[in-house]
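Here are the chains, one letter per residue:
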Amino acid sequence: MLLNWHSVTGRFAIVVAAALAGGLAAGCGSGGGASNREEPRDIVLAVDGQSIDAKVPANATLETLLRRHDLPADTTGSLLKAVAEVFNPKHLRANNEYRITHSLDGLFREFRYQIDADRLLRVIAMPAATTTDAPPAFKAEVITIPKEYELDAVAGEIARGGSLIGVLDAAGENVQLALELATVFGGEVDFNSDLQPGDRFEVLFERAVRHGEFVGYGEVKAAVLENDGRRLTAIRGIDADGRPAWYDEEGRSLRRQFLKSPLPFDPRVTSRFSFRRMHPVHGSYRAHLGVDYGAPYGTRVQAVASGVVD
């Protein structure tokens, strides 16, 4: 005799369910009789608030941002005062994410703003004061978002017409790692002009992750750079003042009196050192005893050595 498997399993499930229901009813009833109790049902919790997730619009201030969500003037004023104790509202950045949460009756409950990848601004409403005319009270805090560090390494070679940034980018790394490597060897190599085709590098570093996603870099632990026939080694350590410092394999400090470049690479060299260069203003050949760089507006410029401006 051939049976339909789906019909058999369906009947089997019905029989088992009925048996279990009957057994439970018999066990719960008094004196072996049938129970009048209702079957248990899921408890549905009522929603007690609603949240709005958005991004900071261009040219917005924290005050105008809050006003966009119809917060009363006294609420906005008290909230701004609480925020100012832990975070400068002028540092609000366009396109950063934020969240505002209200109770169902429209009362403000919480404000969250993503400062950066590592920090979150959180403002919550405190319990109402005993006097009805007291302004709303808030508690503001900057929360550090935890992340994990994984040890990783990458190596590469500078090709003709290539750059350190290009090699690391092809390896799936961020430009920040190239900047960190340039900082390590900043007293030995000008990464804007000294790198040559065939130069090689290896770097051991920490990769920062949060919930399995890359969020940045931690410390560079060690690095090797082969440049123009030289082999430069850097190992991270701590100096006598307790600050991070770099040493070669012989324990000698890599810190130099002067940096090779006043700009983080990759700026543009607009005019090189020369004893005979056409002056762009005077229109005659003159000595140009220096190197001119071009870089985008806002590029950080660093002193090549410690000193005093007199």
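Here the structure is a predicted model, which means the values were calculated and not measured.

What follows covers the pattern of salt bridges. Within the structure shown, the criterion is met by 19 salt bridges. For Glu110, the salt bridge is made with Arg122, and the minimal N-O distance between the two is 2.5 Å. Of this pair, Glu110 sits in strand 3 (residues 108-114) while Arg122 sits in strand 4 (residues 119-125), and the two are 12 residues apart along the sequence. With a relative accessible area of 23%, Arg122 lands in the partly exposed category. What you see here is one network of salt bridges that share partners, running through Glu110, Arg112, Arg122 and Glu141.

Now for the environment of Asp152. In this structure, Asp152 sits in strand 6 (residues 148-157). The residues contacting Asp152, other than those within four sequence positions of it, are Val203, Leu204, Phe205 and Arg207.

The next point concerns the sheet that holds strand 9 (residues 230-238). The strands that make up a sheet are held in pairs by hydrogen bonds between backbone atoms, and each pair lies either parallel or antiparallel. Here we have 5 strands laid out as an open sheet, ordered 6-7-8-9-10, and antiparallel in their pairing. Whereas interior strands pair on both sides, the edge strands pair on one side only; in this sheet they are strand 6 and strand 10 (244-247). Ignoring which end each strand starts from, the neighbouring axes of this sheet average 30° apart. When strand 7 (residues 200-210) meets strand 8 (residues 213-227), the two strands line up antiparallel, connected through 10 bridges.

Right, let's get into the confidence of the model for the protein. Mean pLDDT over the protein: 77, with 72% of residues reaching 70 or higher. Here residues 1-32 is modelled with pLDDT under 50, and outside its nearest four sequence neighbours on either side it reaches 4 contacts, counting other chains as well.

Okay, the packing of aromatic side chains next. Here the structure, examined in full by the defined rule, presents 5 aromatic pairs. Geometrically, the ring pair formed by Phe205 and Tyr217 is edge-to-face, given 5.5 Å between the ring centres and 75° between the ring planes. Residue Phe205 is located in strand 7, and its partner Tyr217 is located in strand 8; the two are separated by 12 residues in the primary sequence. Residue classification places Phe205 among the buried positions, given a relative accessible area of 0%. Residue Tyr217 is classed as buried on the basis of its relative accessible area of 15%. Ring centres of Phe214 and Tyr217 lie 5.0 Å apart, and the angle between their planes is 65°; this geometry places the pair in the edge-to-face category. Among the aromatic residues, those joined into a ring-pair cluster are Phe205, Phe214 and Tyr217.

Take the pairing of strand 8 next. With antiparallel pairing between neighbouring strands as the criterion, strand 7 and strand 8 make up a hairpin whose turn holds 2 residues, including His211 at a positive phi of roughly 55°. Looking at chain direction, strand 8 and strand 9 are connected through 6 bridges and run antiparallel. Counted as the bridge partner of Ala222 is Ile235 from strand 9. Between strand 8 and strand 9, which follow one another and run antiparallel, lie 2 residues, and Asp228 among them has a positive phi close to 55°.

Those residues of helix 5 (residues 175-184) that fall on the buried side of the exposure criterion are Leu177, Ala178, Leu181, Ala182 and Val184. The buried residues of helix 5 occupy an angular sector of 155° when the element is viewed end-on, so they sit on one face. Contacts from the buried residues of helix 5 go to strand 6, helix 4 (164-170), strand 7, strand 8, strand 9 and strand 10. The opening residue of helix 5, the one whose side-chain oxygen lies 2.8 Å from the backbone nitrogen of Gln176, is Asn174.

This brings us to the environment of Val215. By the element assignment, Val215 lies in strand 8. The partly exposed category is assigned to Val215, whose relative accessible area is 27%. Other than its neighbours up to four places away in sequence, Val215 contacts Ala117, Lys147, Ala208, Val209 and Arg210.

Core analysis: the biggest nonpolar cluster contains 25 residues, and Leu164, Leu177, Phe185, Phe191, Phe201 and Val203 have the highest contact counts within it. Every element with two or more residues in this core is listed here: helix 4, helix 5, strand 7, strand 8 and strand 9. With 5 residues, the single largest contributor to this core is helix 5. If you look at the next biggest cluster of nonpolar residues, it comprises 22 residues, including Phe87, Tyr98, Phe108 and Phe138.

What counts as what
- Residues numbered from 1 in each chain as written.
- Predicted model: local features only at pLDDT ≥ 70, side-chain atom pairs only at ≥ 80, totals over all residues.
- Heavy atoms only, no water.
- Salt bridge = Lys/Arg side-chain N within 4 Å of Asp/Glu carboxyl O.
- Helix = DSSP H or I, 4+ residues; strand = E, 2+ residues; numbered from the N terminus.
- Buried < 20%, exposed > 50% of the residue type's maximum accessible area, 1.4 Å probe, protein only.
- Contact = heavy atoms within 4.5 Å.
- Pairing = 2+ DSSP bridges.
- Axes fitted to C-alpha atoms, helices over the stretch in contact; angles between N-to-C directions.
- pLDDT = per-residue confidence, 0-100.
- Phe/Tyr/Trp six-rings, centres within 6.5 Å; stacked < 30°, edge-to-face > 60°.
- Arc of directions from axis to C-beta.
- Polar contact = N/O pair within 3.5 Å; in protein donor to acceptor, adjacent residues only side chain to side chain.
- Core = buried A, V, L, I, M, F, W, Y, C linked by side-chain atoms within 4.5 Å.

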